[in-house]
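So you can see what is in the structure, the chains are spelled out below.
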Amino acid sequence: ANQLLDQGLAASPADLHGCLTGLLAAGAGHEAEAGIDGLVQALDLDLHGELAEQVMDLYVATAESLENDEYDFYPLLLDDGGDILSRTSALAGWCRSFLAGYTQGSTGAGRQLNALPGDSSEILRDLVAIADADLEELAEDEESERSYAELTEYVRFAALNAYADNALLRRQDNQDSP
């Protein structure tokens, strides 16, 4: 977060991770440079130096966690010590950036968003709704905490499912290719 500020960027770590996850879920390559290129195109961010290296490492680690059969993938969000408004805002930002990355990754892979595999269409609609969350009516109470935990878990599995849908599509494309 400090390096983002040092480079004059308004994006948060959650925004970066959401975009990187969206790129991967849409079928972008797992090479670290693909993450930086997609991030530049999807969020119009120019990263350099140590921050670019850390983002490339994050991209590779995210790809590995999405591939893991143990479901070890988790969205990079604020910790539970923050207030519910900040955490929900970060979750909404993660979802917006996921959508930007997914759109960029689909475009880069030559796929049309109107022909999404599996449950991806429904997942993207749900993420749009989460990204547009009304934060003004959010209260610091147990119900909000419970809802936040449920949404976070939904987003986690939505990303895993979108990734799996496109991985299946990539395998089918590879089998169909001579």
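Draft legend 1. Examining the packing of helix H2 (residues 13-26) against helix H3 (residues 32-43) more closely. At their nearest, the axes of H2 and H3 sit 10 Å apart, and the two run at 110° to each other. Here H2 is positioned roughly perpendicular relative to H3, judged by the angle of their axes. Of the two possible hands of crossing, H2 and H3 adopt the one that is right-handed. Packed against H2, whose contacting residues are Asp15, Leu16, Cys19, Leu20 and Leu23, the element H3 presents Gly35, Gly38, Leu39, Ala42 and Leu43 at the interface. In terms of residue class, the contact of H2 with H3 is made up of seven nonpolar, two polar and one charged.

Draft legend 2. Quick look at H2. Its 14 residues give H2 an end-to-end C-alpha distance of 20 Å, which sits within 8% of 20 Å, the value for a rise of 1.5 Å per residue. With 13 of 14 residues buried, H2 lies mostly within the body of the structure. The first or second residue beyond H2 is glycine 27, which carries a positive phi of 110°.

Draft legend 3. Expanded view of the packing of aromatic side chains. Evaluated as defined, the whole model comprises four aromatic pairs. Centre to centre, the rings of phenylalanine 73 and tryptophan 94 are 6.4 Å apart; their planes meet at 50°, and the pair counts as tilted. One end of the pair, phenylalanine 73, is in the loop between helix H4 (49-67) and helix H5 (84-108); the other, tryptophan 94, is in helix H5, and 21 residues separate them in sequence. With respect to burial, phenylalanine 73 and tryptophan 94 carry one shared label: buried. An angle of 20° between the planes, with centres 5.5 Å apart, marks the rings of tryptophan 94 and phenylalanine 98 as stacked. Of this pair, tryptophan 94 and phenylalanine 98 both sit in helix H5, four residues apart, which is roughly one turn of the helix.

Draft legend 4. Structural view of the pattern of salt bridges. Here the structure, examined in full by the defined rule, presents four salt bridges. When the shortest N-O distance is used, the salt bridge between glutamate 145 and arginine 87 registers 2.5 Å. Taken as a pair, glutamate 145 in helix H7 (residues 142-176) and arginine 87 in helix H5 lie far apart in primary sequence, 58 residues in all. Judged by relative accessible area, which is 31%, glutamate 145 ranks as partly exposed. Of the charged contacts, one joins glutamate 153 and arginine 156 as a salt bridge, the two residues approaching to 3.1 Å between their closest N and O atoms. Pair noted here: glutamate 153 and arginine 156 are both in helix H7, with a separation of three residues, about one helical turn.

Basis of the calculations
- Residues numbered from 1 in each chain as written.
- Predicted model: local features only at pLDDT ≥ 70, side-chain atom pairs only at ≥ 80, totals over all residues.
- Heavy atoms only, no water.
- Axes fitted to C-alpha atoms, helices over the stretch in contact; angles between N-to-C directions.
- Helix = DSSP H or I, 4+ residues; strand = E, 2+ residues; numbered from the N terminus.
- Parallel < 35°, antiparallel > 145°, perpendicular 65-115°, else oblique.
- Left-handed = near helix turned anticlockwise from the far one by under 90°.
- Contact = heavy atoms within 4.5 Å.
- Nonpolar A, V, L, I, M, F, W, Y, C, P; charged D, E, K, R; others polar.
- Expected span 1.5 Å × (residues − 1).
- Buried < 20%, exposed > 50% of the residue type's maximum accessible area, 1.4 Å probe, protein only.
- Phe/Tyr/Trp six-rings, centres within 6.5 Å; stacked < 30°, edge-to-face > 60°.
- Salt bridge = Lys/Arg side-chain N within 4 Å of Asp/Glu carboxyl O.

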